[in-house]
Amino acid sequence: MTHTDVDWLCAAPPRRSYQGAGPGGGDCIPHRVRELAIAYGLGARAHHGERHWEDICDQLAVGWERLCGREPVPWAQVESDVEGAWRLVQTG
């Protein structure tokens, strides 16, 4: 993966809103949270290698909750960003 790929992921417009967003639902996931989700997906691929996404998705969801700590962002809000980064990395 090149730096250009990561830059592209980080620059993509957010697609989802927070649960409980303000009136009109215009509050999107902050850029720093998307970056964290992307980094989490890249790290998961590096750590889990050839395992299938479906085999580790639940494990990653639990890890995401621990990673977010006091500022929880629901896994459902970032799962596609994490998975996108996971799939971007070529293994083997």
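Thresholds applied
- Residues numbered from 1 in each chain as written.
- Predicted model: local features only at pLDDT ≥ 70, side-chain atom pairs only at ≥ 80, totals over all residues.
- Heavy atoms only, no water.
- Phe/Tyr/Trp six-rings, centres within 6.5 Å; stacked < 30°, edge-to-face > 60°.
- Helix = DSSP H or I, 4+ residues; strand = E, 2+ residues; numbered from the N terminus.
- Lys NZ or Arg CZ within 6 Å of the ring centre and 35° of its normal.
- Buried < 20%, exposed > 50% of the residue type's maximum accessible area, 1.4 Å probe, protein only.
- Contact = heavy atoms within 4.5 Å.
- Expected span 1.5 Å × (residues − 1).

**Some thoughts on the packing of aromatic side chains**
Right, on to step 1. Applying the stated rule across the entire model yields three aromatic pairs.
Right, on to step 2. An angle of 55° between the planes, with centres 5.7 Å apart, marks the rings of tyrosine 40 and tryptophan 64 as tilted. One end of the pair, tyrosine 40, is in helix H2 (residues 31–48); the other, tryptophan 64, is in helix H3 (residues 53–68), and 24 residues separate them in sequence.
Right, on to step 3. Here tryptophan 53 and tryptophan 75 contribute two aromatic rings whose centre-to-centre distance is 6.4 Å and whose plane-to-plane angle is 20°, an arrangement assigned as stacked. Placement of tryptophan 53 in helix H3 and of tryptophan 75 in helix H4 (residues 75–88) is noted, with a sequence separation of 22 residues between them.
Right, on to step 4. An aromatic cluster is present here, built from Trp53, Trp75 and Trp86 joined pairwise through their rings.
Right, on to step 5. Above the plane of the ring of tryptophan 86 lies arginine 45, whose end atom (NZ or CZ) is 4.1 Å from the centre.

**Observations concerning the side chain of histidine 48**
Right, on to step 1. Looking at the element boundaries, histidine 48 is found in helix H2.
Right, on to step 2. What makes histidine 48 buried here is its relative accessible area of 13%.
Right, on to step 3. Ignoring sequence-local partners within four residues, the contact set of histidine 48 consists of Ile56, Gln59, Leu60 and Trp86.

**Some points on H2**
Right, on to step 1. An ideal rise of 1.5 Å per residue puts 26 Å on 18 residues; H2 measures up with 25 Å between its terminal C-alpha atoms.
Right, on to step 2. Listed in full, the buried residues belonging to H2 are Val33, Arg34, Ala37, Ile38, Tyr40, Gly41, Leu42, Ala44, Arg45 and His48.
Right, on to step 3. Just downstream of H2, glycine 49 is the residue with a positive phi angle, here 55°.

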